[in-house]
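Residues per chain, in single letters:
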Amino acid sequence: MIYRRSIWVLIALLLSAPPARAETVAVLAPPLALPAGLNPEGRVACADRTPLRKALFGDLHVHSTLSLDAATQGTRNRPRDAYRFARGERLGIQPYDGDVAMREVQLERPLDFAAVTDHAELFGELHICRTPEAEGYDATACKIYRRWPRLAFFLINGSMTDGSSFAFCGENAAICLKAAKGPWEETITAAEEAYDRSSACNFTSLVAYEWTAAPETNNLHRNIIFRNGKVPELPISSRDARKVSDLWAALDEQCNIEENGCEALIIPHNSNLSGGVMFAETEEDGTPFSRDYVKRRAEMEPLVELSQHKGDSECRIGVGTRDEFCDFELLPYGNFGGKFADFQNVAPSEGSFVRNALKKGLALEKSLGTNPFQMGVISSTDTHLGTPGAVREDQHPGHGGAGAPSSVTMPRGLPDDIDFNPGGLAVVWAEENSRDSIFDALQRRETYSTTGPRMKVRFFAGWNYADDLCARNDFVEKGYAGGVPMGGILPTMASSAPRFAIQALRDSGGLETPLQRVQIIKGWLDDAGNVHEKVYDVVGRAAGEATVDSQTCTTAGPGADELCQVWTDPDFRPGQSAFWYARVLENPTCRWQSYICNAAGVDCNDPGTIGEGMAPCCDTSFPRTLQERAVTSAIWFLPDPVL
Amino acid sequence: MSSVWSRCSLWLSLLLFLPVPFWAFGTGWASVAWLAEISGFTAIIFLVDGGLVATMMTATLVTQTILWAAALFFASARIVHYVPGSRRAGFIATTGLLLLAGSLLFPVYATSFVRDGQPVNLIGLFQ
């Protein structure tokens, strides 16, 4: 029992962080010198700015070699390399033969924006262990890191979680904190350099990092995204701010101050691995929500990451829903511990999924005055290879972090664990490809998630949209003029029921898979205080008409290039608060492992064809096909002013 | 060759070359000497930096190292007991050379801590 508990604690500690260690100082990093003639943001206006906004595709969750888990799996790409890759350059990834990468990857279409979000917690320790002239380089922990990286993955991550830092970090971890400035400045500089400040506005890079707390292996990780290059002197890690509310407070103290130009927002991710804690109705330590807490959460966390390498967090069949499409990229474990040891696994619970949170938020708003879960959605990759936007199912390079390592040898069989996937993209509707425009879109939640394909999805709600809106050339103008876009809150009621205008265009690049259908998912709070949900098929075709052969990945059957509809909620009740979001489904295609397994000639009925590392090809708990999708941020309706 | 020397020589060969299974966040096969090496490094972390994780990892690795060392010592004694005294020297030398050759020629060790878990030989294990 003690041993079992100890293992549980160890896994918890590997993924959590120690209590606050030292007071952080509200000193901003010095602004980088900017060419003369630029505006305060440091750029000229974009030539193609449009008030009707355009869809920009990006990745807001990217790790480089500055993250310990990436480094211990052989990742050498630095933040600068990640941005180069995002802009379309070819990039080498591990394993390496000397200095030569044995694999290369390249995006067929560059991203519009990206943010490198390295784990802030071990910036200093990692830097010391890799810098021969650094004080502490010869410490035993560093020797372990250099000789047995995989052992360091467990030992260094874990040993720093007791609240004390390594002896080589010195008193109050001063040496490591000082060393952390190097990687943080590298992060900032890489983002500043990659940002296209010309009028072409080809690429936007955002300064960011990841706050990495996971008490009792329940993931509470969050990415911190900054509006511009004005950022705290050091990232506020989970060693400095152990609780989420401590993180908000520290950001308030150091960043979100009007006069210093620093502004940050927070995007939680992997609620599917949170053991239900991410969207529980209490703080992570069990403290009941207060009015102040829910208000701060709503202000600081306008978005949530829906899908990424480590699974999908929208919803799960049997956990608050019977929606048949809530079977997408589900993990067979409910927290990090469950991945490493079966006995640590926890059953999936309602607090782990975003749709449940959206519903729960309606009730919390009623009782506490603010909806803490009024979140828009994005997706990203969480790549630990430094390869933002590498989301194609037929070109999955692997995760490169917590999965199967291939740091010094070519992957045997599949490039990573079968439970992982290529991740998704963040999409924002922005006037132009600039930091301010993108950050504003994130803040107002005019965003959506895709699981990879670059579908373009518009979603508006109003009270008087015309039936023929889809046939008009001014769909977008009318959409904005007559209501609110995704992420918005419906204005005062002006007719008997809200009308929704949705337009989806299939991805015209990549695998070019046609669209199958558009659904609207509604959640509402009834008069008795109970929450409900309903899924409406709005436009498109039924399942089964289009097919994919998992043995060849050949697709067949009808689909649409564009789907558009004006839809009225038939079940609307003026006295009930509600939300609606849209889900756009592509026709079925192959999941990533199918391309590799088929190419290797794996026939699960013939054991002789199952080569080394290919056994997961025949693991029937992971589907061979899927339906890629876009999920929009919701639009809310609030019937009464809340006190 | 005395039985004590024989026993110790065989034991040493087994410690250095014989692949034994172990567990440390995944199973692996390695020699007890290698286990002792990483146990030592982990123990230094435990002694210098402390912490629950280092304690647990040290305990896990050191315990397995000691248990395997004891088991191989017992096995060595039993084997030597059954080998006639006149043939012990030859037997020990042959066994040691065979173990050494096998561990150098074949990738008989595999641990996720070394080369992504790929099978390696003795040199690869200690690199």
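Residues numbered from 1 in each chain as written. Chains lettered and ligands numbered in written order. Predicted model: local features only at pLDDT ≥ 70, side-chain atom pairs only at ≥ 80, totals over all residues. Heavy atoms only, no water.

**Brief notes about the sheet that holds strand β16 (residues 499-505) of chain A**
Residue and element names in this part refer to chain A.
So, point 1. Pairing in this open sheet of 4 strands is antiparallel, and the strands run β15-β14-β16-β21 from one edge to the other. Every interior strand has two partners, whereas the edge strands, β15 (483-485) and β21 (562-568), have only one. Pairwise comparison of adjacent strand axes, ignoring direction, gives a mean angle of 15° for this sheet.
So, point 2. Direction of pairing for strand β14 (residues 456-462) relative to β15: antiparallel, over a ladder of 3 bridges. From the neighbouring strand, G462 faces β15, where its bridge partner is G483. (Pairing = 2+ DSSP bridges. Helix = DSSP H or I, 4+ residues; strand = E, 2+ residues; numbered from the N terminus. Axes fitted to C-alpha atoms, helices over the stretch in contact; angles between N-to-C directions.)

**Some words on unusual backbone geometry**
All names here are of chain A.
So, point 1. Of note, the bond from Q94 into P95 is cis; its omega dihedral lies within 30 degrees of zero at 5°.
So, point 2. Among the structural elements, P95 can be located in strand β2 (residues 91-97).
So, point 3. The residue E329 is not glycine, and still its phi comes out positive at about 45°.
So, point 4. In this structure, E329 sits in the loop between β10 (311-312) and α10 (336-340).

**Concerning the state of the cysteines**
Residues and elements named next belong to chain A.
So, point 1. Throughout the structure, instances matching the rule amount to 9 disulfides over all chains.
So, point 2. Between the sulfur of C315 and that of C326 lies a disulfide, 2.0 Å long from S to S. Across the disulfide from C315 to C326, rotation about the S-S bond amounts to roughly -90°, and the bridge is consequently left-handed. With C315 in the loop between β10 and α10 and C326 in the loop between β10 and α10, this pair connects stretches of sequence that are 11 residues apart. Each of the two residues, C315 as well as C326, counts as buried. (Disulfide = S-S within 2.5 Å. Buried < 20%, exposed > 50% of the residue type's maximum accessible area, 1.4 Å probe, protein only.)

**Regarding the pattern of salt bridges**
Residues and elements named next belong to chain A.
So, point 1. Inspection of every chain in the model, using the stated rule, returns 48 salt bridges over all chains.
So, point 2. Linking K243 and D285 is a salt bridge whose minimum nitrogen-to-oxygen distance equals 3.0 Å. Placement of the pair is K243 in the loop between β6 (222-226) and α8 (244-254) and D285 in the loop between β7 (264-268) and α9 (291-300), with a sequence separation of 42 residues.
So, point 3. A salt bridge links K359 to E533, with the shortest nitrogen-to-oxygen separation between them at 2.9 Å. Separated by 174 residues along the polypeptide, K359 in helix α11 (residues 354-368) and E533 in strand β18 (residues 531-540) bring together distant segments of the chain.
So, point 4. Three or more residues joined by partner-sharing salt bridges are found here, namely E314, D323, R355, K359, E533 and R583. (Salt bridge = Lys/Arg side-chain N within 4 Å of Asp/Glu carboxyl O.)

**Focus: the layout of surface pockets**
Residues and elements named next belong to chain A.
So, point 1. Counted as a void, the largest pocket has a volume near 900 Å³.
So, point 2. Lining the largest pocket we find 36 residues, and of these R150, G403, A404, P405 and D417 sit closest to its centre.
So, point 3. If you tally residues by element for the lining of the largest pocket, the top one is α10, at 3 residues.
So, point 4. Classifying every residue of the lining of the largest pocket by side-chain character gives 16 nonpolar, 11 polar and 9 charged. (1 Å grid on protein atoms, 1.4 Å probe; cavity = no way out; pocket = protein on both sides within 12 Å on 5 of 7 lines; lining within 4 Å. Points joined across faces, edges and corners; volume = space filled by probe spheres on them. Nonpolar A, V, L, I, M, F, W, Y, C, P; charged D, E, K, R; others polar.)

**Some remarks on the side chain of Q503 of chain A**
Residues and elements named next belong to chain A.
So, point 1. Residue position: Q503 is located in strand β16.
So, point 2. Judged by its relative accessible area of 15%, Q503 is buried.
So, point 3. Polar contacts involving the side chain of Q503 include one to the side chain of E562, which spans 3.4 Å.
So, point 4. Leave out the neighbours within four places in its chain, and Q503 touches K456, V457, R458, F475, E562, L563 and C564. (Polar contact = N/O pair within 3.5 Å; in protein donor to acceptor, adjacent residues only side chain to side chain. Contact = heavy atoms within 4.5 Å.)

As far as function goes, none of this settles anything; it's purely spatial.
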